[in-house]
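One letter stands for each residue in the lines below.
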Amino acid sequence: MMRNSKNLPWITDSIRRQMKKYKKRYQKYKLKGKGKLEQLKKLKHDIQKQQRTSYWNYIENMICGIPVDDNPTTISKSFPKNLFSYIKTQKSESSNIPPLRKEGSLTSDSKAKANILNEQFKKAFTPVTDDPIPDKGVIKHPQMPDIKIQQQGIEKLLNNININKAAGPDLIHGKILKECKSSITPTLTIIFQSSLNSGKIPDDWRHASVCPALKKRRQTRSYKLSPNIIDLHLLQTIRTCCS
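The residue numbers shown here count from 1 along each chain, following its written sequence. For a predicted model such as this one, the threshold for reporting local features is a pLDDT of at least 70, and the threshold for listing and counting side-chain atom pairs is 80 or more; totals across whole chains, interfaces and linings nevertheless cover every residue. Values reported for side chains reflect all heavy atoms of the structure, with hydrogen atoms and water molecules removed beforehand.

1. What to know about the overall build of the chain
Operational definition: Only DSSP runs of H or I with at least four residues qualify as helices, and only runs of E with at least two residues qualify as strands; both kinds are numbered from the N terminus onward. Only protein chains enter the accessibility calculation, which uses a 1.4 Å probe. A residue is then buried if its area is under 20% of the maximum for its type, exposed if over 50%, and partly exposed in between. We call two residues in contact when some of their heavy atoms are within 4.5 Å. Each accessible area is a Shrake-Rupley result for a 1.4 Å probe, and residues are judged covered by the shown protein chains and nothing else.
Per the secondary structure count, the chain includes nine helices and four strands. Reading the secondary structure of the chain in the N-to-C direction produces α-α-α-α-β-β-α-α-α-α-β-β-α. Taken across its 243 residues, the chain has 22% of its residues classed as buried. Considering only residue pairs separated by 6 or more positions, the chain has 56% of its internal contacts joining residues 24 or more positions apart. With the model as given, the accessible surface of the chain reaches about 18900 Å², and the carbon-plus-sulfur share is 52%.

This is how it looks when you write it as structure tokens:
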């Protein structure tokens, strides 16, 4: 939130001065080792807090400036001008994915870039098949005992969920799972144990949000982008149980 935000309309002169102050102190700390890291972190946190407050004040002022009238013509003429500019910026693409090259030509269309990345990222995953597990013959090593999932373990894992991480495709935030751990632990224990015994997971848990992450500077080839996978918190929990 600190970078590339000086020109945003809700950034006041006071916040700009604070950002400039932080930049100078950070450069001194990085180059000469002067200053304390804790003070820099506190200053950055204060600036981010001011930015959030200023942002919501900006949104509130725009909304409060909308007149209440049944005549749509009158309303459209008296709308705040900055409201339309803000809506336009929210509709614009902000993925920062450069044009990608396919078959010798550059593609800048969003849908075409998504298809190129989808084809590339497919290679990073193993396709699911229904083929039976091959028979390896007589097992010489002792068999591992069956894994029994306990409610105490599930509740502990839910309590250790990082609430700062983004939610997966199910849109269930980690904070909800953490706060409701006592209520959902018995049900999750049954689901996890059944999934472990059958060797299968629910189909909905196979979904994940895949975001391209630049390995280096801006690249035009899809294989220079690595997939950043955001899966479900519950899938991460059952994975930890089995590891």
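2. Focus on the pattern of salt bridges
Selection criterion: Salt bridges are identified by distance alone: a Lys or Arg side-chain nitrogen within 4 Å of an Asp or Glu carboxyl oxygen.
This model, assessed by the stated rule, comprises two salt bridges. Put simply, Asp13 and Arg16 hold a salt bridge, and the shortest N to O gap is 3.2 Å. Note that Asp13 and Arg16 are positioned in helix α1 (residues 13–32) at a spacing of three residues, about one turn of the helix. Residue Asp13 is classed as exposed on the basis of its relative accessible area of 52%. Relative accessible area serves as the criterion here: at 29%, Arg16 is assigned to the partly exposed category. Of the charged contacts in the structure, one is a salt bridge between Asp46 and Lys42, with a shortest N-O distance of 3.3 Å. Taken together, the residues span about one helical turn, with Asp46 and Lys42 both in helix α2 (residues 37–64) at a distance of four residues. The class of Asp46 is partly exposed, set by a relative accessible area of 27%. With a relative accessible area of 54%, Lys42 lands in the exposed category.

3. Details of the packing of helix α6 (residues 151–159) against helix α8 (residues 181–198)
As a reminder of what qualifies: In this analysis an axis means a line fitted to C-alpha atoms, helices contributing only their contacting stretch, and an angle means the value between N-to-C directions, from 0 to 180 degrees. Here is the rule for angles: anything less than 35 degrees is roughly parallel, anything more than 145 is roughly antiparallel, 65 through 115 is roughly perpendicular, and the remaining ranges are oblique. Here a crossing is called left-handed whenever its near helix is offset anticlockwise from the far helix by less than a right angle, and right-handed whenever the offset is clockwise. Side-chain classes follow a simple rule in which Ala, Val, Leu, Ile, Met, Phe, Trp, Tyr, Cys and Pro form the nonpolar group, Asp, Glu, Lys and Arg form the charged group, and the remainder, Gly included, forms the polar group.
It is at 9 Å that the axes of α6 and α8 come closest, and there the two elements cross at 120°. Taken together, the axis directions place α6 and α8 in an arrangement best described as oblique. Helix-helix and strand crossings are classified by hand; for α6 and α8 the assignment is right-handed. From α6, Gln151, Ile154, Glu155, Leu158 and Asn159 reach across to α8, where they touch Lys181, Ser182, Ile184, Thr185, Pro186, Leu188, Thr189 and Phe192. Of the residues in the contact of α6 with α8, the class split is six nonpolar, five polar and two charged.

4. Here we look at the packing of aromatic side chains
Note the following rule: Here the aromatic set is Phe, Tyr and Trp, taking the six-membered ring for Trp, and pairing holds for ring centres within 6.5 Å; pairs whose planes are under 30 degrees apart are stacked, those over 60 apart are edge-to-face, and all others are tilted.
Counting across every chain of the model gives five aromatic pairs. Between Trp10 and Tyr55, the ring centres sit 4.7 Å apart and the planes meet at 75°, which makes this aromatic pair edge-to-face. Residue Trp10 is located in the segment before α1, and its partner Tyr55 is located in helix α2; the two are separated by 45 residues in the primary sequence. Here Tyr22 and Tyr26 contribute two aromatic rings whose centre-to-centre distance is 6.1 Å and whose plane-to-plane angle is 20°, an arrangement assigned as stacked.

5. A closer look at the packing of α1 against α2
Packing of α1 against α2 leaves a shortest axis separation of 10 Å and a crossing angle of 160°. The angle between α1 and α2 falls in the class roughly antiparallel. As for the relative orientation of α1 and α2, their crossing is left-handed in sense. Only Leu37, Leu40, Leu43, Lys44, Ile47, Gln50, Gln51 and Ser54 of α2 make contact with α1, whose side of the interface consists of Ile15, Gln18, Met19, Tyr22, Arg25, Tyr26 and Tyr29. Per-class residue counts for the contact of α1 with α2 are nine nonpolar, four polar and two charged.

6. Overview of the nonpolar core
We count it as follows: To qualify as a nonpolar core, a set must consist of buried Ala, Val, Leu, Ile, Met, Phe, Trp, Tyr and Cys residues joined through side-chain atoms within 4.5 Å.
One finds Trp10, Ile47, Tyr58, Ile59, Met62 and Tyr86 to be the most contacted residues of the largest nonpolar core, which totals 14 residues. At the level of elements, α1, α2 and α4 (81–91) are the ones that each hand at least two residues to this core. Broken down by element, this core gets its largest block of residues, seven residues, from α2. Leu158, Phe192, Leu234 and Leu235 belong to the second-largest nonpolar core, a separate cluster that totals twelve residues.

7. Re the side chain of Ser195
Rules: Counting of polar contacts relies on pairs of N or O atoms within 3.5 Å, with two restrictions inside protein: one atom must be capable of donating a hydrogen and the other of accepting it, and residues adjacent in sequence are counted only when both atoms are side-chain atoms.
Its place among the elements puts Ser195 in helix α8. Of the polar contacts made by the side chain of Ser195, one reaches the backbone oxygen of Lys200; its length is 2.3 Å. Ignoring anything within four residues of it in the chain, the contact list for Ser195 reads Lys200, Ile201 and Ile238.

8. Notes on unusual backbone geometry
If a residue is not glycine, its phi is most likely negative; likewise, a peptide bond is most likely trans. If you check the backbone angles, Leu171 has positive phi at about 60° while not being a glycine. Locating Leu171 in the fold gives a position in the loop between α6 and α7 (174–179). Residue class for Leu171 comes out exposed when judged on its relative accessible area of 72%.

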